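Single-letter residue listing:
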Amino acid sequence: MPTFADVALPVPLDMAFTYAIPPGMEPVVGGRVLVPFRQQRMSGIVVELHDRPPQAKTKNVIEALDLSPVLDEKLLKLGKWIADYYLAPVGEVFRTMLPLSAEFKRAITYRITDGGQMALHLAGMSGSPARSRRTPEEQLVEFRVLDYLAERESVREERLRAATRAPKTLLSGMVRKKWIAREDVSAARDAARTVKVAVLLAAEENKETGEGETPSRQPAGRRRYTSKLNENQQTLVEALAAAGGRVPVETLRGLEIPRTTLGTLVKRGMVALVDEPQDFTMSKIKPRRSPFEFEFSPAQKEALAKILEGVSSGKFSGMLLHGVTGSGKTAVYLAGMREVLEQGRSSILLVPEIGLTPALAADLHQAFGDEVAILHSGLTDAERAEQWHRIKRGEARVVVGTRSAVFAPVSDLALLIVDEEQDSSYKQEETPRYHARDVAVMRAKMAGAVVALGSATPSLESYYNAKKNKYALVELPDRVEQRPLPEVEILDMRQEFQETGHEQVISRKLAEEIRERLEKKEQVMVLLNRRGYSPVALCRTCGKTLQCKNCAVSMTHHKREHKMECHYCGYVARIPDKCMHCGSEYVYFVGTGSEKLEELLHGMFPQARIGRLDRDTVRGREDFERALNALNEGELDMLVGTQMIAKGHDVHGVTLVGVVGADIALGLPDFRAAERTFQLLTQVAGRAGRGQAPGKVVLQTYFPDHYAVQFAARHDFAGFYDKELQFRSWMHYPPYSAIANVLIRSEKLDDALTWSGELGRWFEKTRHEGIRVLGPAAAPILRLKRDYRYHFILKSPSREKMNTLLRAMLAEAAARKIPRTQIIVDVDAVWLM
């Protein structure tokens, strides 16, 4: 039996840690173990078992949490590839791959030390703890803490604070004085999702129950209790009886009776509280008509045949499915997944946003029943763990989800589909900074599976690869049932201003088109890719704006919630009644967000039923499902929103799409600005005319001659691709070069400047043939989440050379004592702000 285990822990260190295996314990490679790390306990993944004793003294593994691997050999290999390619600590990669945090319980406990016992003894003699420089009130709290802990072995933090009213800062000070010791107690727990249910019990009828007697515990329907009940108790009992004697406690809270009422009935033996397994709802969206009921077009049949040919070969193959909006790509996906499922094999479908998951989940559930599992961040930790275990046990062979679903532990993977593959949401913006599309390609390659990338507006990199025959290119050039693409009308908002004399949010033409559709009882979508009411609060006296205290960005006005909010760090402030710089009362809110747009449209069309879909109105998956159901059922005439409404939604009643502020992104200092604008305009235009009635798009812009706007209006992806590719080749940007963004950050400006300067001089002295290094320079957003930020941009046609240089740079930074957490290395960066 091996005596040592190398464990990957979720810490920002590029190494595994060796622990001794106690006698009788049998950890497995790919399984989780509980180990001590510094002053706490952590869960990690075993990457190797061996008998090589390390030079340093080792600590013991505390507990083996799994009898079998949670990450099989292929997933371990994939995780190591991600760590190597994206220069991320392997332990943090494995943590991202496993949505099982609900199975691991962490608690902070405190116990009194010998020094604390002495301080308590001295306090008993003098009236306050010794060596304390705190106020008399704080000394009293310290005494309460010591006195409380003296009678107990150890106490959980929340219990100690509730009993003594001690703030965390005071407890930390007592730890520093070594009066008390802080311990991190972690352990595995059962993550099964349960719901608390109230069960009505039968009272012994026509009998006076003595105080010490217990009534019969048989479930009751409608019964008369001889015991006296007050009005609230009677209401609750009747509600339980009317529901058959069993009601979830959460439902009873809607009765507007005191919470103590239920507790009283439980004490009297009339009601019992039990834990029951909680049902999981895949989606509350009404499924669309099954795609298998439609006759596939020749192009769809060709695409499906290409997928199935690859599946049958048992070898890796990649394909790019380029189909215009409404061309039936989803139907091809489902048909391919059905064939795979009938062969007893597995498939994964990735979507870029949570908002697209419910509709697809409903379609998949209708087609494949309980064989479907869903994985995304909108689920609770327990729900994610439950879905993960269903996949691991083989109960679900069809998985749909956002980027983390690429790690689903399916067996015998045959087909991996990435829908809307161009979407930047597939790139994770925190460590590990992986791109789910590229990880999907690598996973398919390791599994000998087919990977299909689908989009109406493919990324330039994917389309370039397809043109170079790295992927098979399959085109769906027409909409299903020969439906026409929507007519697009470009409205020059400069001319609108000249003719009306003032700035218009909704042009006269768009207002006229909306009115016409409402009269016909047709539906409308209006896109403004900026949330909130107004993006800037400006002082008309001094000209300064209200900035976030943590970031170098303006705060956004949210009228309905009566607040100013930073959309980067989440900082919230009150709405200013005067300028914080000069004290002037002339504070003016500039610009329009989706909340203000909704208000304007309500004023223009008071009879219309208008909904809004953005991050402010969607707090969870149920909010999204509710809004989409209302639109699909015809309960809304108009839907206003940000890019959340632009992709994937198939609503046949929408015949008009209005785009307000179509060119916002064109002003950003980002080489992908034109590509993002073209993609967003094309995608949102594709929401119009998906039913029998033809669609129209009104596109308001201040840059009507920009090639991204012109090509989007003509639905001409090939034309845009050729034009944009010229600029990319001149400037050595992807797809002609790989790119990496190295960000140096610190809360102290001097540190950020010093560190970036040191690394800049190192780059100048180091030979790096075939690699261009730009910088250091201030990041476009200089300060973000309290950190000052400077960055380097690296370009190279050789990913291998760039990876080697980045590793050398990290080693140099470590030698110069620059903290690893203050350096962000973003390989294949999609966002340079």
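Right above here is the structure, for reference.
Residues numbered from 1 in each chain as written. Predicted model: local features only at pLDDT ≥ 70, side-chain atom pairs only at ≥ 80, totals over all residues. Heavy atoms only, no water.

So, on to the overall build of the protein chain. Summing up its helical and strand segments, the protein chain has 24 helices and 33 strands in all. With 833 residues in all, the protein chain has 52% of them scored as buried. Of all intrachain contacts in the protein chain linking residues separated by at least 6 positions in sequence, the fraction that spans at least 24 positions is 74%. A total of about 39500 Å² of accessible surface is found on the protein chain, and carbon and sulfur atoms cover 49% of it. (Helix = DSSP H or I, 4+ residues; strand = E, 2+ residues; numbered from the N terminus. Buried < 20%, exposed > 50% of the residue type's maximum accessible area, 1.4 Å probe, protein only. Contact = heavy atoms within 4.5 Å. Areas by Shrake-Rupley, 256 points an atom, 1.4 Å probe, with all protein chains shown as cover.)

The next subject is a nonpolar patch on the surface. On the surface, Tyr568, Leu668 and Trp831 cluster together to form a nonpolar patch covering roughly 260 Å² of accessible area. Mapped onto the elements, Trp831 comes out in the segment after strand S33 (823-827). (Patch = residues over 30% accessible without salt bridge, like charges linked within 9 Å, V, L, I, M, F, W, Y side chains within 5 Å. Salt bridge = Lys/Arg side-chain N within 4 Å of Asp/Glu carboxyl O.)

The parallel open sheet is built from six strands, whose spatial order is S19-S29-S28-S20-S27-S26. With one partner strand each, in any of the chains shown, strand S19 (487-492) and strand S26 (610-613) form the two edges of the open sheet. In this sheet, neighbouring strand axes are inclined to one another by 15° on average, regardless of whether the strands run parallel or antiparallel. Running at roughly 55° to S19, helix H16 (residues 493-500) makes contact with S19 and strand S29 (696-701) of the sheet. Each of strand S20 (523-527), strand S28 (654-659) and S29 touches helix H20 (residues 673-685); the most contacted strand, S28, lies at about 155° to it. (Pairing = 2+ DSSP bridges. Axes fitted to C-alpha atoms, helices over the stretch in contact; angles between N-to-C directions.)

On to unusual backbone geometry. A cis amide bond links Thr431 to the next residue, Pro432, at an omega of -5°. Going from Pro734 to Pro735, the amide bond is cis rather than trans, its omega being 15°. Checked against the element boundaries, Pro735 lands in the loop between helix H22 (717-731) and strand S30 (738-746). In this structure, Asp412 is a non-glycine residue whose phi angle is positive, near 55°. Here Asp412 is to be found in the loop between strand S15 (398-401) and strand S16 (413-419). Residue classification places Asp412 among the partly exposed residues on the basis of a relative accessible area of 43%. We note that His562 has phi near 55°; this positive angle belongs to a residue other than glycine. For His562, a relative accessible area of 62% translates into the label exposed.

Each aromatic ring pair is described using two quantities: the centre-to-centre distance and the angle formed by the ring planes. Applying the stated criterion to the full structure yields 17 aromatic pairs. With a centroid separation of 6.1 Å and 90° between ring planes, the pair formed by Trp81 and Tyr86 is classed as edge-to-face. Through pairs of rings, three or more aromatic residues link up here, namely Tyr463, Phe678, Tyr707, Phe717, Phe720, Tyr721, Phe727 and Trp730. The ring of Tyr788 has Arg783 sitting right over it, with the charged end atom 5.3 Å from the ring centre. (Phe/Tyr/Trp six-rings, centres within 6.5 Å; stacked < 30°, edge-to-face > 60°. Lys NZ or Arg CZ within 6 Å of the ring centre and 35° of its normal.)

Now for the sheet that holds strand S24 (residues 572-573). The sheet built from three strands is open, its strands ordered S22-S23-S24 with antiparallel pairing. A single partner strand is all that each edge strand has here, and the edge strands are strand S22 (556-558) and S24. Pairing analysis gives three bridges linking S22 to strand S23 (residues 563-565), with the strands arranged antiparallel. Counted as the bridge partner of Thr556 is Glu565 from S23.

Once that is clear, we can look at the nonpolar core. In this structure, Leu71, Phe94, Leu350, Val659, Leu794, Leu806 and Met809 are the most contacted members of the largest nonpolar core, which totals 115 residues. When neighbours within four sequence positions are excluded, Leu71 is seen to be in contact with Gly30, Ile45, Leu76, Phe94, Met97 and Leu98. Val311, Val398, Val400 and Ile417 belong to the second-largest nonpolar core, a separate cluster that totals 33 residues. (Core = buried A, V, L, I, M, F, W, Y, C linked by side-chain atoms within 4.5 Å.)

Let's shift gears to the side chain of His558. Along the polypeptide, His558 turns up in strand S22. In terms of polar contacts, His558 uses its side chain to reach the side chain of His567, at 2.8 Å. If we skip the residues at most four places from it in the chain, His558 touches Arg531, Gly532, Tyr533, Lys563, Glu565, His567, Glu595 and Asp616. (Polar contact = N/O pair within 3.5 Å; in protein donor to acceptor, adjacent residues only side chain to side chain.)

Attention shifts here to the pattern of salt bridges. As enumerated under the stated definition, the model contains 40 salt bridges in all. One salt bridge connects Asp637 with Arg609, and the closest N-O pair in it is separated by 2.9 Å. One end of the pair, Asp637, is in the loop between helix H19 (621-632) and strand S27 (638-641); the other, Arg609, is in the loop between helix H18 (594-604) and S26, and 28 residues separate them in sequence. On the basis of relative accessibility, which here comes to 17%, the residue Asp637 falls in the buried class. One salt-bridge network, in which partners are shared between bridges, spans Glu489, Lys509, Glu513, Glu516, Arg517, Lys520, Glu522 and Lys696.

On the secondary structure map, Ala829 appears in the segment after S33. We classify Ala829 as buried; its relative accessible area is 0%. Considered as a pair, Ala829 and Tyr434 are 395 residues apart in the sequence and their alpha carbons are 9.4 Å apart. Apart from residues no more than four positions distant in its own chain, Ala829 is found in contact with Lys427, Arg672, Ile739 and Asn741.

For the rest of this paragraph, the subject is the pairing of strand S4 (residues 40-50). Sheet analysis places strand S1 (residues 4-8) next to S4, joined by five bridges and oriented antiparallel. Among the inter-strand pairings, Val7 is bridged to a residue of S4, identified as Val46. Two strands pair when backbone bridges link them, and strand S3 (residues 32-37) and S4 are joined in this way by six bridges, in the antiparallel orientation. In the strand pairing of S4, Val33 is matched with Gly44. Taking the residues between adjacent antiparallel strands as the criterion, S3 and S4 are bridged by two residues, where Arg38 takes a positive phi near 55°.

A few words on helix H11 (residues 329-342). Think of an α-helix as turning once every 3.6 residues; residues three or four places apart then point the same way. In a regular helix each residue adds 1.5 Å, so 14 residues correspond to 20 Å; H11 covers 20 Å between its end C-alpha atoms and thus fits that length. Counting buried positions along H11 gives ten out of 14 residues, so the element sits mostly inside the fold. Within H11, the full set of buried residues consists of Lys329, Ala331, Val332, Tyr333, Leu334, Ala335, Gly336, Met337, Val340 and Leu341. A positive backbone phi angle near 80° is found at Gly344, which sits one or two residues after H11. (Expected span 1.5 Å × (residues − 1).)

Below, the discussion takes up the pairing of strand S12 (residues 317-323). Burial runs high along S12: six of the seven residues are buried. Pairing geometry for S12 and strand S17 (residues 450-455), over six bridges, is parallel. Residue pairing across strands places Ser317 opposite Val450, the latter belonging to S17.

Counting through the fold element by element, Ile391 comes out in helix H13 (residues 381-392). Residue Ile391 is classed as buried on the basis of its relative accessible area, which comes to 2%. Along the sequence, Ile391 and Glu371 sit 20 residues apart, while their C-alpha atoms lie 9.0 Å from each other. Apart from residues lying up to four places away in sequence, Ile391 is in contact with Ala373, Leu375, Ala396, Val399, Ala408, Pro409 and Val410.

Here we take up the packing of helix H4 (residues 136-150) against helix H5 (residues 157-164). It is the contact of H4 with H5, at a shortest axis distance of 10 Å, that shows an interaxial angle of 125°. Relative to H5, H4 is oriented oblique. In terms of crossing hand, the pair formed by H4 and H5 is right-handed. Residues Val141, Arg144, Val145, Tyr148 and Leu149 of H4 touch H5, and the partners they reach there are Arg159, Leu160, Ala163 and Thr164. For the contact of H4 with H5, a count of residues per class yields six nonpolar, one polar and two charged. (Parallel < 35°, antiparallel > 145°, perpendicular 65-115°, else oblique. Left-handed = near helix turned anticlockwise from the far one by under 90°. Nonpolar A, V, L, I, M, F, W, Y, C, P; charged D, E, K, R; others polar.)

Packed helices, taken two at a time, are described by the angle their axes make and the gap between the axes. Look at helix H1 (residues 73-85) against helix H2 (residues 90-97): their axes get within 9 Å of each other, and the N-to-C directions meet at 130°. Considering the angle they form, H1 stands oblique to H2. Considering the relative orientation of H1 and H2, their crossing is right-handed. Residue-level inspection shows Leu75, Leu76, Gly79, Lys80, Ile82 and Ala83 of H1 in contact with H2, the latter providing Val90, Val93, Phe94 and Met97.

Structural measurements only, silent on function.
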